[in-house]
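# Observations on chain architecture
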Amino acid sequence: MLKFLKYVLATIVGLLIFVFIGVLLLIGFAASTASNDEIQITKGSILELKLDNPISERDPQNPLAELGFSFGSFSSTDGLDQIKAAIRKAKTDDNIEGIFLNMGYVEAGMGKMEEIRNELINFKKSGKFIVSYGDMTTEKGYYLASVADRIYLNPLGALEFNGMSSEVYFYKNLLDKLGIKAQIFKVGTYKSAVEPFFLDKISAPNREQLNAFLNAINNYQLQNIAKSRGKTFAEMKNISDNMLVRNAEDARKYGLITNIGYYDEAVDYMKQKAGLKEADKLELVQLSKYKKVKDSAETNSSENRIAVIYAEGDIVDGQGDEDNIGSKRFSEALRQARMDEKVKAVVLRISSPGGSALASDVIWREIQLTRKEKPVIASMSDVAASGGYYIAMGCDTIVAHPNTITGSIGVFGVVPDIQGFLNNKLGVTVDHVSTGKFSDMPTITRPMTEEEQQIMQNQINQIYETFTGKAAKGRHMTQDHLKTLASGRVWSGVEAKERNLVDTFGGLEKAIAIAAAKAGVQDDYRLLDLPRRKSFLDDLFGDMGSQVKEQAVKAEVGELYPYYKLYKKVETLQGIQTRLPYELDVH
């Protein structure tokens, strides 16, 4: 406790100092804002992409990022939109000679990686070079690095290239020890979100779907890597399946890299490519600086708008916040786009494992109302599953990546029974007084009766019928056929397209192009990003109390902090859920 209070006091003192320094920094920032457009890039510069921060859909717009400052939602995060814009801008920038991928651990989903990789491939059409260097390169990082002209790996470094896997944690034995019973309600053989609460290993149906979509995604990415490295798919699959690359020499032997070398050797090579002498300094321009450089192509003055509405995170009831999809906040964004006469079409950018069934349906309704007025196109990012698919299925067209995770059309609910825990572990008993037979339903302090369980299951069944009925209508198929694709099963983008759950492959730009074409404004529009984001000052000073608490908890629990965050996320999962089976981290 003393340690905890110490960290709280230290955090408060730190924040007071921070506020004082922050005011000075903000004054300096305000004074320099007017000169942002004057940032110049010298001839022979290299755009350096480290990608060592978590990658979100939108740039956090942290004006103090270059100073290493992070706070609240303005933490060290890079926006996919700005990364892609920087690569496109560098392609035509005469001062940029090439791109340096300073690779390490890349923290992004596979859909985002696909879009960045495609931008890099397009960049190479300019004739400019891409060089990659890594001390230790992960599988995701190598997926990007594989497009480079030269790939350097540290002599003692490592390159992860052994296929994909996914781990699922099970809590049944823990709950048994605590005397807690999970009362499970679900529809769908493959809806495995509740399995960790009553099983101690992966079920046969769940193992089937995991094997299917992991192999589909892995094979797709191996095909792309093989194409970039001038190899056959069979060669790449053999290298991956048998983990033939275990050190730098192996990586060079099997053609995954071009050079074993140190960072300075990669820099020396880029100097040569840029026409510099060995003693000259190579100008490496980081993303945080380059995104401020004015793009000469940014001159569109069209009155027409394509609204891009970003739906990232869990789907929750109510307002929500910057890290999730609140039904009220998101519905307001849809209404704003619908009522704005300048907005000719809407693109929903979805990166969500799902969440509240009620919130998903509220958003679905607003999408249907918007479709009556203007085209609505869905663009799936890393994942658009369960509730994420719910809000996509009603759009005019669904655009996904081959390695997007989608589907999971199913419903579940869990009501814990903690009576045994209270009675046997804590010595606490609970009694009930009610005016009606079901007045205390649902309660977690006693087991549910058979009649109560049937009521709950009927509610789950009803929502599943609604989900599959609306999905069938949106995808122009019978409900019976849709149910053969549903049952909670997760699909890769490749599998989903084969089954008509998505329409076409592509990224956000393709979805925008489809929206513009349907609206008849192909080359005459500007983008409008929604929902509106908090300003820097609002986020900085608006919720400082919660930030103090967060920092104190993080200091106290240390390595257990990710599990605390997961617990806090579970707290928001109210009501019946349509969400992905688990926290899926494919690696």
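Refer to the structure above for everything that follows.
Residues numbered from 1 in each chain as written. Predicted model: local features only at pLDDT ≥ 70, side-chain atom pairs only at ≥ 80, totals over all residues. Heavy atoms only, no water.

## Here we look at the overall build of the protein chain
Our working definition: The helix count covers DSSP runs of H or I at least four residues long, the strand count covers runs of E at least two residues long, and both are numbered beginning at the N terminus. Remark: exposure states derive from per-residue accessible area (1.4 Å probe, protein chains only) relative to the maximum for the residue type, with buried under 20%, exposed over 50%, and partly exposed in between. Every residue pair with non-hydrogen atoms within 4.5 Å of one another is taken to be in contact.
Tallying secondary structure elements over the protein chain gives 22 helices and 22 strands in all. Burial analysis of the protein chain (587 residues in total) assigns 50% to the buried set. Residue pairs at least 24 apart in sequence account for 75% of intrachain contacts in the protein chain once pairs closer than 6 positions are excluded.

## Observations regarding the environment of Leu 348
Within the element layout of this structure, Leu 348 appears in strand E13 (residues 343-352). Leu 348 sits 14 residues away from Leu 334 along the chain, and the two C-alpha atoms are 9.4 Å apart. Ignoring any residue separated from it by four or fewer positions in sequence, one finds Leu 348 in contact with Ile 309, Phe 330, Leu 334, Ile 367, Val 376, Ile 377, Ala 378, Ser 379, Ile 391 and Cys 395.

## Quick word on the pattern of salt bridges
Defined as follows: The term salt bridge refers to a pairing of a side-chain nitrogen on Lys or Arg with a carboxyl oxygen on Asp or Glu at a separation within 4 Å.
As enumerated under the stated definition, the model contains 27 salt bridges in all. One salt bridge connects Asp 440 with Arg 446, and the closest N-O pair in it is separated by 2.8 Å. Comparing Asp 440 with Arg 446, the two get one shared label, buried. Each of Glu 57, Lys 84, Arg 88, Lys 112, Glu 115, Glu 119, Glu 312, Arg 349, Asp 382 and Glu 509 takes part in a single network of salt bridges with overlapping partners.

## Examining the packing of helix H12 (residues 327-339) against helix H13 (residues 357-371)
Counted only if it meets this: Lines fitted to C-alpha atoms define the axes here, with helix axes fitted over just the stretch in contact, and angles between the N-to-C directions of these axes take values from 0 to 180 degrees. With respect to orientation, any angle under 35 degrees is reported as roughly parallel, any angle over 145 as roughly antiparallel, any angle of 65 to 115 as roughly perpendicular, and every other angle as oblique. Classification used: nonpolar for Ala, Val, Leu, Ile, Met, Phe, Trp, Tyr, Cys and Pro, charged for Asp, Glu, Lys and Arg, polar for all others including Gly.
Closest axis-to-axis distance for the H12/H13 pair is 9 Å, and the angle between their directions is 0 degrees. Our classification of the angle between H12 and H13 gives roughly parallel. On H13, the residues that touch Ser 327, Phe 330, Ser 331, Leu 334, Arg 335 and Arg 338 of H12 are Ala 359, Val 362, Ile 363, Glu 366, Ile 367, Leu 369 and Thr 370. Counted by class, the contact of H12 with H13 contains seven nonpolar, three polar and three charged residues.

## What to know about the nonpolar core
As a reminder of what qualifies: To define a nonpolar core, start from buried Ala, Val, Leu, Ile, Met, Phe, Trp, Tyr and Cys residues and group those joined through side-chain atoms within 4.5 Å.
Judged by nonpolar contacts, the single largest core of 51 residues is most densely connected at Ile 309 and Leu 348. It is helix H16 (residues 450-474) that contributes the most residues to this core, six residues altogether. In contact with Ile 309, not counting residues within four places along its chain, are Phe 330, Ala 333, Leu 334, Ala 337, Val 346, Val 347, Leu 348, Arg 349, Leu 530 and Pro 531. Membership of the second largest hydrophobic core comes to 46 residues, among which are Ile 99, Val 106, Leu 153 and Val 245.

## Description of the sheet that holds strand E4 (residues 96-103)
Strand pairing in a sheet relies on backbone hydrogen bonds. The paired strands run either parallel or antiparallel. We apply this condition: For two strands to count as paired, DSSP must find a minimum of two bridges between them.
A sheet is described by the order of its strands in space; here six strands give the open sequence E8-E6-E5-E4-E1-E9, paired in parallel fashion. Only two strands of the sheet have a single neighbouring strand rather than two, namely strand E8 (259-260) and strand E9 (284-286). Relative to strand E5 (residues 129-137), E4 is paired through six bridges, and the arrangement is parallel. Of the residues in E5, the one forming a bridge with Phe 100 is Val 131.

## Some thoughts on a nonpolar patch on the surface
Stated formally: Excluding any residue in a salt bridge, patches collect residues exceeding 30% relative accessible area, merging like charges within 9 Å and nonpolar Val, Leu, Ile, Met, Phe, Trp and Tyr side chains within 5 Å. Residue burial considers only the protein chains on display, and all accessible areas are found by Shrake-Rupley using a 1.4 Å probe.
A cluster of nonpolar side chains, Tyr 169, Tyr 171, Leu 174, Leu 178, Phe 197 and Val 414, forms an exposed patch at the surface whose accessible area comes to about 510 Å². Along the chain, Tyr 171 falls in the loop between strand E6 (150-159) and helix H5 (172-178). Take Tyr 171: its relative accessible area is 31%, and that puts it in the partly exposed class.

## Thoughts on the packing of aromatic side chains
The cut-off we apply is this: Planes of paired rings set the category: under 30 degrees apart is stacked, over 60 is edge-to-face and the rest tilted, where pairs are Phe, Tyr or Trp rings (Trp by its six-membered ring) whose centres lie within 6.5 Å. Think of it as a cone above the ring: NZ of Lys or CZ of Arg counts as a charge over the ring if it is within 6 Å of the ring centre and within 35 degrees of the ring normal.
As enumerated under the stated definition, the model contains six aromatic pairs in all. Seen from their ring centres, Tyr 133 and Tyr 263 are 5.8 Å apart, and the 80 degrees between their planes marks the pair as edge-to-face. Of the two residues, Tyr 133 sits in strand E5 while Tyr 263 sits in helix H10 (residues 263-273), which places them 130 residues apart along the sequence. Here the aromatic rings of Tyr 390 and Phe 467 are separated by 4.6 Å at their centres, their planes lie at 45 degrees, and the arrangement is tilted. Of this pair, Tyr 390 sits in helix H14 (residues 387-392) while Phe 467 sits in helix H16, and the two are 77 residues apart along the sequence. No difference in accessibility class separates Tyr 390 from Phe 467, as the two residues are buried. One aromatic cluster is present, built from ring pairs that chain together Phe 100, Tyr 133 and Tyr 263. Here Arg 117 stacks its cationic end above the ring of Tyr 143, 4.5 Å away from the centre of that ring. The ring of Trp 364 carries the charged tip of Lys 470 above its face, separated from the ring centre by 3.8 Å.

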